[in-house]
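# Structure at a glance
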Amino acid sequence: MGAFQSSAVNRVDHASQRRLSEIGIFFGLMVFAPLIEGGTTHLPVMIIRLLLVAGLILWMFRSFRSEAMTFHRLPILPLAAVLVGISGLGIFRSSYVGASIQGVVGLCMCAVFMFLLLHQLYTRSSLRILVLGIVVMGSLEGLLGIVQYGWMGETRAKGTFFNPNFFAMYEAVTVILTLSLLISMKWADYGWREKCLLGVALSVSMSAFVMAQSRGAFFAFLVALLFLGLCRSWKLAIVLPLVVGLGIIALPNPIKERALAVSDQDPYAYTRFEIWKSSLDRIADHPFGTGAGTYKYLSFKYRFPIEGEIVRYEKRAESAHNEYLQMAVELGVGGLALFLVGIGVWGWEVKGTLQGGLLSWERGAVVGLSGGALAILAHAAVDSVFHEPALVLLLIMCGSLVVV
């Protein structure tokens, strides 16, 4: 009897250790990435890269121990590899080789993160821990943002992010994921305690999202709500975004106030149109791309004046404020086309996953994670969200967990 108990305990310990090794690096990245001050400072980025390299070495070590190196046949992986290859070729035509090398290394790390997520997660409990980890991190960030806005005198909540727009996007993903879990989880399977905790997380994240006052994130949030509704019924797809949109318009709230005062508070609010026009000019001049990471260095040739300012000096754009245009500028039209094909392939995987047999919480997680990824992709059309490591890692995690 004692030997049987000892064997059972050993099996439990081994399962716990395996689960810890599965999610340890991913959980560490999830916690660490939002704490980066300034978005891309060197030390934090180096730590992220070292963690990913350590994860890759761990996977290789496991493969050697099991005497089999397994690769999953997923269409998204070769597309990611080809995109990295295209960016690598861009180094040879780049005017700023150092910047392009750094850009290619960044893309390689993103591909490694996706690869590890698709090859290191084996158990439902590990997936569930990571999903709940996203909710917990979003709630903690939201609490900090509420304190900043309510008691510390900040004009916009921003949490640990340097840009309130990025913070708003992080909270929007948390809101979508939490709302989807709440809608899908059945009372018969899950008690009031789980529902109440998710309800608190939803309230905190939604409040923080509104206090961040991001117009671009609100647009992306409505897109995600539309997707959330479509996964239930076309009626909900119409009602859900409509109710939220009318509520923001009708009720006094920080997002509405900032939108109405946009011209007075932000003299550069409408320069995005000039930046996008400048980006299109660059694409026409360099259809095969200028090299990864070169956008801001080549901006001097494409400067433009600021209308309405006393001194009409020419502005130099640091980024395109549209990641798809910036991708076309740096990686060429082919690079952008490949990225869009990758989104389409991922969308097909999402459809296949939703049509499979899923538990209620799994369906809620799949819809919520897909909606969160879609929100980030939509926000990328109006802001530089791919320049924020926390959001890039969150996008890859949401998209990969759905495929897993």
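These numbers were taken from a predicted model, which means no experiment stands behind them.

When its secondary structure is counted, the protein shows 15 helices and two strands. Counting across all 404 residues of the protein, residues that qualify as buried make up 49%. Excluding contacts between residues fewer than 6 apart, the proportion of contacts in the protein whose partners are at least 24 apart in sequence is 74%. When the accessible surface of the protein is totalled, it reaches about 19900 Å², and 68% of it is carbon and sulfur.

What follows concerns unusual backbone geometry. Of note, the phi angle at Q213 is positive, near 60°, even though the residue is not glycine. Secondary-structure assignment places Q213 in the loop between α7 (192–212) and α8 (215–230). Even without a glycine there, the phi angle at H321 is positive, about 55°. In this structure, H321 sits in the loop between β2 (314–315) and α13 (323–354).

Helices that pack against each other are described as a pair by the angle of their axes relative to one another and the distance between those axes. Relative orientation of the contacting elements helix α6 (residues 164–184) and helix α14 (residues 360–379) amounts to 155°, with a least axis distance of 7 Å. Taken together, the axes of α6 and α14 are roughly antiparallel relative to one another. Along this stretch, α6 crosses α14, giving a crossing that reads as right-handed. Grouping the amino acids of the contact of α6 with α14 by side-chain chemistry returns 11 nonpolar, nine polar and one charged.

Before going further, it helps to examine the environment of L89. Positionally, L89 belongs in helix α3 (residues 76–89). On the basis of relative accessibility, which here comes to 52%, the residue L89 falls in the exposed class. When the C-alpha positions of L89 and S100 are compared, they lie 9.9 Å apart, and in sequence the two are 11 residues distant.

Further remarks concern the pattern of salt bridges. Summed over all chains, the structure comprises two salt bridges. The salt bridge involving R124 is made with E362; its shortest N-O contact spans 2.2 Å. Of the two residues, R124 sits in helix α5 (residues 124–151) while E362 sits in helix α14, which places them 238 residues apart along the sequence. With a shortest N-O distance of 3.9 Å, K277 and D281 are connected by a salt bridge. Placement of both K277 and D281 in helix α12 (residues 271–285) is noted, with a separation of four residues, approximately one turn of the helix. Given a relative accessible area of 34%, D281 falls into the partly exposed group.

Between two aromatic rings, the relevant description is the distance of the centres plus the angle of the planes. For the coordinates displayed, the defined rule picks out 10 aromatic pairs. Seen in terms of ring centroids, F162 and F166 are 5.8 Å apart; in terms of plane orientation they differ by 75°. Their pairing is edge-to-face. Ring geometry for F209 against F221: centres 5.0 Å apart, planes inclined by 45°, an arrangement best described as tilted. Here F209, found in helix α7, pairs with F221, found in helix α8; they are 12 residues apart in sequence, far enough to count as distant. The class of F221 is buried, set by a relative accessible area of 2%. Grouped by ring-pair contacts, the aromatic residues F161, F167 and Y170 constitute a single cluster. The cationic tip of R128 hangs over the ring face of W361; the distance from NZ or CZ to the ring centre is 5.2 Å.

Turning our attention to the nonpolar core. If you look at the biggest cluster of nonpolar residues, it comprises 113 residues, and the most contacted ones within it are F113 and F209. When residues in this core are grouped by element, the largest group, 13 residues, is from α6. Once you skip the residues sitting within four places of it in the chain, F113 turns out to touch F26, L29, L52, L393, I396 and M397.

Scanning the model with the defined rule gives zero disulfides in all. Summary of cysteine pairing: C110 is not part of a disulfide, and the nearest cysteine sulfur, belonging to C108, is at 9.3 Å. Exposure remark for C110: the relative accessible area of 23% places this residue in the partly exposed category.

Another aspect to go through is the environment of S205. Tracing the chain through its elements places S205 in helix α7. As for S205 and V136, which are separated by 69 residues in sequence, their C-alpha atoms are 10.0 Å apart. Reaching out from S205, the side chain makes a polar contact with the backbone oxygen of A201 at a distance of 2.9 Å.

A few words on the confidence of the model for the protein. Summing up the model confidence of the protein, the mean pLDDT is 83 and the portion of residues at 70 or higher is 85%. Contacts of residues 1–15 to residues separated by more than four positions or lying in other chains number zero contacts, the stretch itself having pLDDT below 50.

Looking now at the side chain of T353. As for its position among the elements, T353 is in helix α13. A distance of 2.8 Å separates a polar atom in the side chain of T353 from the backbone oxygen of E349. With near-sequence residues (within four places) excluded, T353 lies in contact with L358, V366 and V402.

With that out of the way, let us pick up the packing of α5 against helix α15 (residues 389–403). Look at α5 against α15: their axes get within 12 Å of each other, and the N-to-C directions meet at 145°. The chirality of how α5 crosses α15 is left-handed. Counted together, L127, L130, V131 and I134 of α5 and L394, M397, C398 and L401 of α15 form the full contact between these two elements. Tallied by class, the residues present in the contact of α5 with α15 amount to eight nonpolar, no polar and no charged.

Next up on the list: a nonpolar patch on the surface. Side chains of L226, L230, W234, I238, V239, L242, V243, L246 and I249 sit close together on the surface and give an oily, nonpolar patch of about 920 Å² of accessible area. Those elements that place two or more of their residues in the nonpolar patch are α8 and α9 (234–250). With respect to the secondary-structure elements, W234 resides in helix α9.

Cut-offs applied
- Residues numbered from 1 in each chain as written.
- Predicted model: local features only at pLDDT ≥ 70, side-chain atom pairs only at ≥ 80, totals over all residues.
- Heavy atoms only, no water.
- Helix = DSSP H or I, 4+ residues; strand = E, 2+ residues; numbered from the N terminus.
- Buried < 20%, exposed > 50% of the residue type's maximum accessible area, 1.4 Å probe, protein only.
- Contact = heavy atoms within 4.5 Å.
- Areas by Shrake-Rupley, 256 points an atom, 1.4 Å probe, with all protein chains shown as cover.
- Axes fitted to C-alpha atoms, helices over the stretch in contact; angles between N-to-C directions.
- Parallel < 35°, antiparallel > 145°, perpendicular 65-115°, else oblique.
- Left-handed = near helix turned anticlockwise from the far one by under 90°.
- Nonpolar A, V, L, I, M, F, W, Y, C, P; charged D, E, K, R; others polar.
- Salt bridge = Lys/Arg side-chain N within 4 Å of Asp/Glu carboxyl O.
- Phe/Tyr/Trp six-rings, centres within 6.5 Å; stacked < 30°, edge-to-face > 60°.
- Lys NZ or Arg CZ within 6 Å of the ring centre and 35° of its normal.
- Core = buried A, V, L, I, M, F, W, Y, C linked by side-chain atoms within 4.5 Å.
- Disulfide = S-S within 2.5 Å.
- Polar contact = N/O pair within 3.5 Å; in protein donor to acceptor, adjacent residues only side chain to side chain.
- pLDDT = per-residue confidence, 0-100.
- Patch = residues over 30% accessible without salt bridge, like charges linked within 9 Å, V, L, I, M, F, W, Y side chains within 5 Å.

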